[in-house]
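# Fold and geometry: a report
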Amino acid sequence: MSLDLIAYAAFFLTMALTYAIMCLGLNVQWGQTGLFNVGIAAFVAIGAYVSALLTTPDAVGRVGGYDLPIAVGWIGGALVAGLAAWLVGALTIRLRSDYLAIATFGVAVTVQLCVLNLQSLTGGAFGIGFIPRPFGYLAGDPLAFGLSNLALMVAVVLALYLALQHLAKSPWGRVLRAIREDETAAQALGKRPIRFRLQAFTIGGAIMGLAGAAQGHFIGFIAPDNYLPILTFQVWAMLIVGGSGNNRGAILGAVLVWGLWALSAAAVSAFVPPEQQARAASLQIVMIGVGLCLILLLRPRGILGASNALASLTRKRTQKSKE
């Protein structure tokens, strides 16, 4: 295996893991709590822009540019995205799932328009460049640079996975699953569904902000076109393919769907004439849709999807009665 191929594999996996972080955030909201968030792109964009403003050098005509360490930018992006999620959730969390989807989609469009038009803050359509990249001093060696970034993202995803697994098994996580399965029963036991939903929505938004910050620093440039509604579609497809309610499934789905997206882009470049490639790019979405339909037909709960808690309890009781 050539060094160039290893460097590309490291780049591919690093990008896939940034999407895995987004999927983990969505899994907290939807997989564990049942919150239908269609505004993923908004929280990812907030995290990316906040981190970029905190860590980039000072630029003429733009607010920000504090030249702070990358770690400060990542933490700041996650915190501001979490705060934004809390504000959005405080206003919309009582809505039914379909109305919540409409509201969060409106938030995503609003954020995208803000980053497009607030030129003095976000750079407008030109975006923000010169974002410091982790291990930037290794940029002259693509292999070392790629492997170092991959190791960093693996560490971040692993730490996040272990933390979310701990939360899922904690009393807090069990309350979330109880609310998702039967909100009335959970409320009858003295739990406050609105409070726990808001907490889950905030944590999920903060994780998405962290993903946006990490992805922005890995690429080194961000622009409004990076945070269109197609990003939300990609993340939802990743979670559904991997398995809603399962953190390992969220990571697996991110890698698989990002791989299909990258392969379809390569196929379009290789087999479609250059003058038709812009139009043929929509075939990527078609391929993701076809793959999603196949998964739903063959594995309705996803590859590693969590089983329904009530059905699992019924099966266990049936087995005990037979014994």
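Our subject in this report is the structure included herewith. Here the structure is a predicted model, which is why all the values come from computation and not from measurement.

## What to know about helix 7 (residues 171-181)
Every buried residue of helix 7 is accounted for by Trp172, Gly173, Val175, Leu176 and Ile179. In a view along the axis of helix 7, the buried residues occupy a sector of 155°, so they form one face of it. On its buried face, helix 7 is in contact with helix 6 (142-169), helix 8 (183-188) and helix 9 (193-219).

## Observations regarding the nonpolar core
Within the largest apolar cluster, 79 residues are counted, with the highest numbers of intra-cluster contacts made by Tyr19, Ile21, Ile222, Tyr227, Leu231, Val235 and Trp258. Looking at this core, the element that brings in the most residues is helix 1 (residues 3-31), giving 13 residues. Among all residues touching tryptophan 258, those that are not within four sequence positions of it are Phe12, Met15, Ala16, Tyr19, Gln234 and Met238.

## Examining unusual backbone geometry
One non-glycine residue with positive phi stands out, namely aspartate 67, at about 55°. Inspection of the secondary structure puts aspartate 67 in the loop between helix 2 (40-55) and helix 3 (70-92).

## Here we look at the pattern of salt bridges
In total, this model carries one salt bridge according to the counting rule given. Salt-bridge contacts for glutamate 183 lead to arginine 197; the nearest nitrogen and oxygen are separated by 2.7 Å. Here the residue glutamate 183 occupies a position in helix 8, and arginine 197 occupies one in helix 9, the gap between them amounting to 14 residues.

## A look at the packing of aromatic side chains
One pass over the structure, following the stated rule, counts nine aromatic pairs. Ring geometry for phenylalanine 36 and tryptophan 236: centres 5.2 Å apart, planes at 85°, overall edge-to-face. Of this pair, phenylalanine 36 sits in the loop between helix 1 and helix 2 while tryptophan 236 sits in helix 10 (residues 229-242); the two residues are 200 residues apart in sequence, bridging distant segments of the chain. Judged by centre distance (6.5 Å) and plane angle (65°), the ring pair of phenylalanine 135 and tyrosine 137 falls under edge-to-face. Tyrosine 137 sits in the exposed class, given a relative accessible area of 68%. Three or more aromatic residues joined by ring pairs make a cluster, and in this case those are Tyr8, Phe11 and Phe218.

## As for helix 9
Between its first and last C-alpha, helix 9 extends 39 Å over 27 residues, near the 39 Å set by a 1.5 Å rise per residue. Of all 27 residues in helix 9, 22 are buried, a share of seventy percent or more. Just beyond helix 9, the residue with positive phi is glycine 220, at close to 90°.

## Brief notes about the state of the cysteines
All chains considered together, the criterion is met by zero disulfides. Just so you know, cysteine 23 is unpaired, no disulfide at all, and the nearest cysteine sulfur is the one on cysteine 293, 18 Å from it. Note on cysteine 23: relative accessible area 0%, which makes it buried.

## Considerations on the packing of helix 1 against helix 6
Geometrically, a packed helix pair is captured by the angle between its two axes and the distance between the axes. One way to put it is that helix 1 packs onto helix 6 with a least axis distance of 8 Å and a crossing angle of 25°. Considering their axes alone, helix 1 and helix 6 lie roughly parallel with respect to each other. Here helix 1 runs over helix 6; the crossing is left-handed. Contact residues: helix 1 offers Leu3, Ile6, Ala7, Ala10, Leu13, Thr14, Leu17, Thr18, Ile21, Leu24 and Val28, while helix 6 offers Pro142, Leu143, Gly146, Leu147, Asn149, Leu150, Met153, Val154, Val156, Val157, Leu160 and Leu164.

## Side note on the environment of alanine 10
Within the fold, alanine 10 resides in helix 1. The exposure class assigned to alanine 10 is buried, which follows from its relative accessible area of 2%. Residues alanine 10 and leucine 147 lie 137 residues apart in sequence; the distance between their C-alpha atoms is 5.7 Å. With sequence-adjacent residues up to four places away left out, alanine 10 is seen in contact with Gly146, Leu147 and Leu150.

What counts, and where the lines are drawn
- Residues numbered from 1 in each chain as written.
- Predicted model: local features only at pLDDT ≥ 70, side-chain atom pairs only at ≥ 80, totals over all residues.
- Heavy atoms only, no water.
- Buried < 20%, exposed > 50% of the residue type's maximum accessible area, 1.4 Å probe, protein only.
- Helix = DSSP H or I, 4+ residues; strand = E, 2+ residues; numbered from the N terminus.
- Arc of directions from axis to C-beta.
- Contact = heavy atoms within 4.5 Å.
- Core = buried A, V, L, I, M, F, W, Y, C linked by side-chain atoms within 4.5 Å.
- Salt bridge = Lys/Arg side-chain N within 4 Å of Asp/Glu carboxyl O.
- Phe/Tyr/Trp six-rings, centres within 6.5 Å; stacked < 30°, edge-to-face > 60°.
- Expected span 1.5 Å × (residues − 1).
- Disulfide = S-S within 2.5 Å.
- Axes fitted to C-alpha atoms, helices over the stretch in contact; angles between N-to-C directions.
- Parallel < 35°, antiparallel > 145°, perpendicular 65-115°, else oblique.
- Left-handed = near helix turned anticlockwise from the far one by under 90°.

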